Amino acid sequence: MRTRRLSAAFLAILLAVLTLGGPPASAARSRAHEVTYDRYSLKIDGRRVVVQAAEFHYFRLPSPALWRDVLEKFKAGGFNAVSLYFDWAYHSPKPGVYDFTGVRDVDRLLREAERAGLYVIARPGPYINAETTGGGFPAWLKTVEGRGRSSDPGYTAAYRDWLGHIDPIIARHQITRGGSVIVYQAENEYAVNTDRQYMADIQSKARADGIDVPISHNQCCDNASWTTDWSSGLGAVQLPGVDDYPQSFDCANPASTWGPWGEGVTERASQGSPVFAAEYQAGAIDTLNAGYAGCRELTGPAYMRFFYKNNLITGGATMFSYYMGYGGTNWGWLAQPNDAYTSYDYGAAITETRQLTDKYDEFKRQGYFLRAVTPIAETDPVTGPASDNPAVTTVTRANPGTGTQFVLVRHADRAAGSTDAATLAWTTPDGGYSVPVQVRGREAKVLVAGYDLGGQRLVYSTSEIMTHLTTGGRDLAVLYGSDGSAGRTVLRYSSAPVVKVLDGAVTSAYASGDLTLNYTHTGLARVLITGGGRRPLLLLLGTEARAATFWQAGSVLVRGTSLLRSADVRGDTVSLRVDSARAGDVEVFGTARALVVNGEKVAATSTPSGSLLGSLPGPRPVRLPALTRWRTMAEAPEAVPGFDDSTWTVADHTTTAIPYAPKTQPVLFAEEYGFDYGNVWYRGRFTATGTETQVALNAITGRRGTYLAWLNGHYLGSAAGGTQADSDTRNPDPGPGNFAIPAGLLKPGEQAVLAVLVQNMGHNDDWTADDNRFKQPRGLFGAAVSGSSAAISWKIQGARGGRELVDPARGPLNTGGLYGERAGWHLPGYRDGSWQETSTPSAQTPGVRWYRTTFGLNLPGDQDTPIALRFGGELPVGARVLVFLNGWNLGQYSGDLGPQRDFSLPEGVLDPLGDNTLALAVTTATGTALGPVSLVTAGNVRGGARK
């Protein structure tokens, strides 16, 4: 992946992960399995599975060594599946050329998913959206004739070539061949200007390429426009699902926003397949530049509890795929320009720097429940308990075989506010009961009745079940409720059992076969129940926060660590792989009598709960070096009239396959000449008359793009590039910039040189399949000199090599056409000894200036310490800073782009045990001063995926 030395400690990774609820976690391939389905659920070898998937974009984490960390965190958080987009543009720099090595090694990615014990929903497009450049379409596709996302011959030949390369990789990782791919998605959010034959052809191509698992599609926004019946007709898929974002993207107003885009209940799209929330909101893109903390609050635990449980009980869904589980980074030129800056944190449950949040805790509570309480995979709507308070409503489903009931208790008006109480007249499978419940505003609970909880009979509980398991001849169950709320659990016994309250305040009474436990959810209560004709039961009754401290792997329940990656029981010893963010207790419930954590034996004692209790150290503090010894060099020699551009590409095309008519001739679109990503330079020559008054330019850069102009080396100024986003009207004047020519600058009869630097901001997506909007060009759209009729002859230069893979490790999306990029100023090995020394990056005049420094790290090998680069001071306006670490473009910093100040430096690009090279390319239109630049820790745990 890198040309620099990587330490052995950095590369060391253990392969074994113990799993539950997904495919077998093993480095070796398991046997082949069968995938079927009915109207209730997906089935693996006839066993019903509730699919709980989180979206992960490998292309937004350019460090394959860290993919395992994210996938293990998904598994530990209750997910049994991962949803994976495959980005055509990321793999194909030009027609017929594909790269699946290094950071693009999707075969490794799918192996990692198998090792983590996760099923895979594979989504290869051809179009994916994902706020990526072109929505996943490579830029070279712009010059291919025909409308994208249709049956037009040019596009058809191109997408079939892509699928012909990606499908066989996916196919060999299908669960039917011993892998873990269980579903294949055809296309993405296909809703407008649709083509049934195209949908049918994609599926035929997939089948021809060896795909034999069910094929799905994510119907966008409750809009079935390409077919009125998703269960039949040309192009229909086997597993139609709904794509829904009910909470919108109003991250600036997270506290007041509540379901503006509807109830968010996923409807049944086909009578013969499960209800599938195929892409459901689990975060938000920061369209308003409010910061991702607001997006995380907008889609936080309150939203998750209400909307996700509604989907489960009101909608009857048993397949869920949440977007995003981990967002990552728009490194290089990966992002499309309209809705994204460098960070793609997305307000997800796992942050950009791989830290766990309270959203992760809520996913874990719900995911563990779905995994443990298996009757939920097959339910029908039934009449449920009536509420005596109209503010508290109920919806009920029941398993037709076991009779187990699942009652959704929620607020009728969904308003935030005080707690409401109600009494439910509940006819359970074990009899009728008057059940008191409490529900907070914007809260929803799934209560269970008539359930065989291991060897126990749960009559009903007003606590929610997080998980339960059987180990060492007894049952364990974790139940929870909101802090301060009353709880009641009723269990059925043939005779009076012995109840021992080990911790907390719990009262009990036995009558007519029912053991009734009453308590308040506060802290963690422990109740041991023995006798009564059943095996022993340890009930762990806690608040939502206390429930989140429990982790489960197989038959092992653990409390107190920051993460449980795996558990292995051999004889009387349990070995855990954990993360610990601080020193504290670790408690293990199971049969073991000896404890090993991260390879080290831990002294542990037995507790009255029958558990092992030990103590773990926290991580050692990490000190990071100051960034000093900067060197700097001015750039932009292209603006000087005498610059040698003899090797540049002549821009003389008069026609183009791009369906946008240029403002002037010749065609100057960057893609027309093979320069697809990043900055592009133009140099135009004409013979001056001395009567010229103005340079009139026009450029399309995408949102937030700019361009700068020089005439005979004199800086003329800058302008905003045009953008034609969701409503493309073919604006004939999209990005005008009119620059006055100073008197006397041009001499009659002499050659004049016009130099223009265009900052392109990625390529438009095409999410509505609307009129080839992704083909909107980038670069100069028109150029003229007022007061002269002299023709301008043009040359263009972009990323070194254009579409050639001159840097196969980092790929074509990493760099653009700045002089320093073409000359290797961003690379670790560049010799900058002749550059001027400076204390910190400082003010500069309009143009481009580079800064470079190196720093060494010696991070503890037994810890995971994500590092970020932080910019202090005021956000610069009118300037762009490209951040390069060891040659990798990890971000753009600018007040014009977004609020981001911290830029993730992922291990694998960052060497934690060696020297690192940091380079900043600063382009400014007005001159700017950067604030202090420093390294900061974004987290620190003892443990990590390397162990």
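Read on for a plain summary of the structure. (Residues numbered from 1 in each chain as written. Predicted model: local features only at pLDDT ≥ 70, side-chain atom pairs only at ≥ 80, totals over all residues. Heavy atoms only, no water.)

Here's the deal with the overall build of the protein
Step number 1: When helices and strands are tallied, the protein shows 11 helices and 56 strands.
Step number 2: On C-alpha atoms alone, the protein measures out to a radius of gyration of 30 Å, which is about the 30 Å that the 2.2 N^0.38 rule sets for 947 residues.
Step number 3: The contacts in the protein between residues at least 6 apart in sequence include a share of 73% that link residues at least 24 apart.
Step number 4: For the protein, the accessible surface area stands at approximately 30,000 Å², while carbon and sulfur atoms represent 50% of it.
Step number 5: Taking the average location of the 87 positive side-chain charges in the protein and that of its 89 negative ones, the two points are 6 Å from each other. (Helix = DSSP H or I, 4+ residues; strand = E, 2+ residues; numbered from the N terminus. Rg over C-alpha atoms; globule rule 2.2 N^0.38 Å. Contact = heavy atoms within 4.5 Å. Areas by Shrake-Rupley, 256 points an atom, 1.4 Å probe, with all protein chains shown as cover. Lys, Arg positive; Asp, Glu negative; His and termini not counted. Charge placed at Lys NZ, Arg CZ, Asp CG, Glu CD.)

A closer look at empty space enclosed by the protein
Step number 1: In the structure shown here, the tally under the stated rule is 11 cavities of 30 Å³ or more.
Step number 2: Of the voids in this model, the largest cavity is the one considered here, and its volume is about 140 Å³.
Step number 3: Along the wall of the largest cavity there are 15 residues; nearest its centre are Ala 335, Ala 340, Tyr 341, Met 761 and Gln 892. (1 Å grid on protein atoms, 1.4 Å probe; cavity = no way out; pocket = protein on both sides within 12 Å on 5 of 7 lines; lining within 4 Å. Points joined across faces, edges and corners; volume = space filled by probe spheres on them.)

Considering the pattern of salt bridges
Step number 1: Inspection of the entire model under this criterion finds 50 salt bridges.
Step number 2: Between Asp 209 and Lys 205 there is a salt bridge; the shortest N-O distance is 3.3 Å. Pair check on accessibility: Asp 209 and Lys 205 agree, each one buried.
Step number 3: A salt bridge links Arg 565 to Asp 579, with the shortest nitrogen-to-oxygen separation between them at 2.8 Å. Of this pair, Arg 565 sits in strand 30 (residues 563-570) while Asp 579 sits in strand 31 (residues 573-579), and the two are 14 residues apart along the sequence. Exposure class is identical for Arg 565 and Asp 579. Each is buried.
Step number 4: A cluster of three or more residues bridged by salt bridges with shared partners is formed by Asp 69, Glu 72, Lys 73, Arg 354, Arg 565, Arg 577, Asp 579 and Asp 864. (Salt bridge = Lys/Arg side-chain N within 4 Å of Asp/Glu carboxyl O. Buried < 20%, exposed > 50% of the residue type's maximum accessible area, 1.4 Å probe, protein only.)

Quick look at the state of the cysteines
Step number 1: Counted according to the given criterion, the structure contains 1 disulfide.
Step number 2: Shown here is the disulfide that connects Cys 251 with Cys 295, its sulfur atoms set 2.0 Å apart. Here the disulfide of Cys 251 and Cys 295 is right-handed, its torsion about the S-S bond being about 110 degrees. Residue Cys 251 is found in the loop between strand 9 (239-244) and strand 10 (275-281), and its partner Cys 295 is found in helix 7 (residues 292-298); the two are separated by 44 residues along the sequence. (Disulfide = S-S within 2.5 Å.)

Considerations on the sheet that holds strand 40 (residues 694-700)
Step number 1: Taking strand neighbours across the sheet as the criterion, the 3 strands line up as 43-40-45 in an open arrangement whose pairing is antiparallel. Two strands in the sheet have a free side with no partner beyond their single neighbour: strand 43 (736-740) and strand 45 (779-786). Between one strand axis and the next, the sheet turns by 15 degrees as a mean value, whatever way the strands run.
Step number 2: Bridge analysis of strand 40 against strand 45 gives 7 bridges, and the strand direction is antiparallel. Note that in strand 45 the partner of Gln 694 across the bridge is Ser 786. (Pairing = 2+ DSSP bridges. Axes fitted to C-alpha atoms, helices over the stretch in contact; angles between N-to-C directions.)

A look at helix 6 (residues 196-208)
Step number 1: The end-to-end C-alpha distance of helix 6, which contains 13 residues, comes to 18 Å, matching closely the 18 Å that a straight helix rising 1.5 Å per residue would cover.
Step number 2: Among all positions of helix 6, only Tyr 198, Met 199, Ala 200, Ile 202, Gln 203, Lys 205 and Ala 206 are buried.
Step number 3: Looking one or two residues beyond helix 6, the residue adopting positive phi is Gly 210, at roughly 105 degrees. (Expected span 1.5 Å × (residues − 1).)

Quick notes on the environment of Pro 168
Step number 1: Mapped onto the elements, Pro 168 comes out in helix 5 (residues 153-171).
Step number 2: As a C-alpha pair, Pro 168 and Gly 210 span 42 residues in sequence and 6.6 Å in three-dimensional space.
Step number 3: Setting aside its immediate chain neighbours within four residues, Pro 168 contacts Leu 163 and Asp 209.

Some words on the packing of helix 4 (residues 106-116) against helix 5
Step number 1: Interhelical geometry of helix 4 versus helix 5 gives an angle of 25 degrees and a closest axis separation of 10 Å. Taken together, the axes of helix 4 and helix 5 are roughly parallel relative to one another. As for how helix 4 packs across helix 5, the hand of that crossing is right-handed. Only Ile 166, Ile 169 and Ile 170 of helix 5 make contact with helix 4, whose side of the interface consists of Val 106, Asp 107 and Leu 110.
Step number 2: For the contact of helix 4 with helix 5, the per-class residue count stands at 5 nonpolar, no polar and 1 charged. (Parallel < 35°, antiparallel > 145°, perpendicular 65-115°, else oblique. Left-handed = near helix turned anticlockwise from the far one by under 90°. Nonpolar A, V, L, I, M, F, W, Y, C, P; charged D, E, K, R; others polar.)

Details of the nonpolar core
Step number 1: Formed by 226 residues in total, the largest nonpolar core has its most connected members in Phe 56, Phe 74, Phe 86, Trp 88, Leu 539, Leu 576 and Leu 869.
Step number 2: Take this core: its biggest share by element is 9 residues, from helix 5.
Step number 3: Ignoring sequence-local partners within four residues, the contact set of Phe 74 consists of Ala 54, Glu 55, Phe 56, Phe 79, Val 82, Leu 118, Gly 325, Tyr 326 and Ile 350.
Step number 4: In this structure, Ala 651, Leu 711, Leu 780 and Trp 794 belong to the second largest nonpolar core, which totals 30 residues. (Core = buried A, V, L, I, M, F, W, Y, C linked by side-chain atoms within 4.5 Å.)

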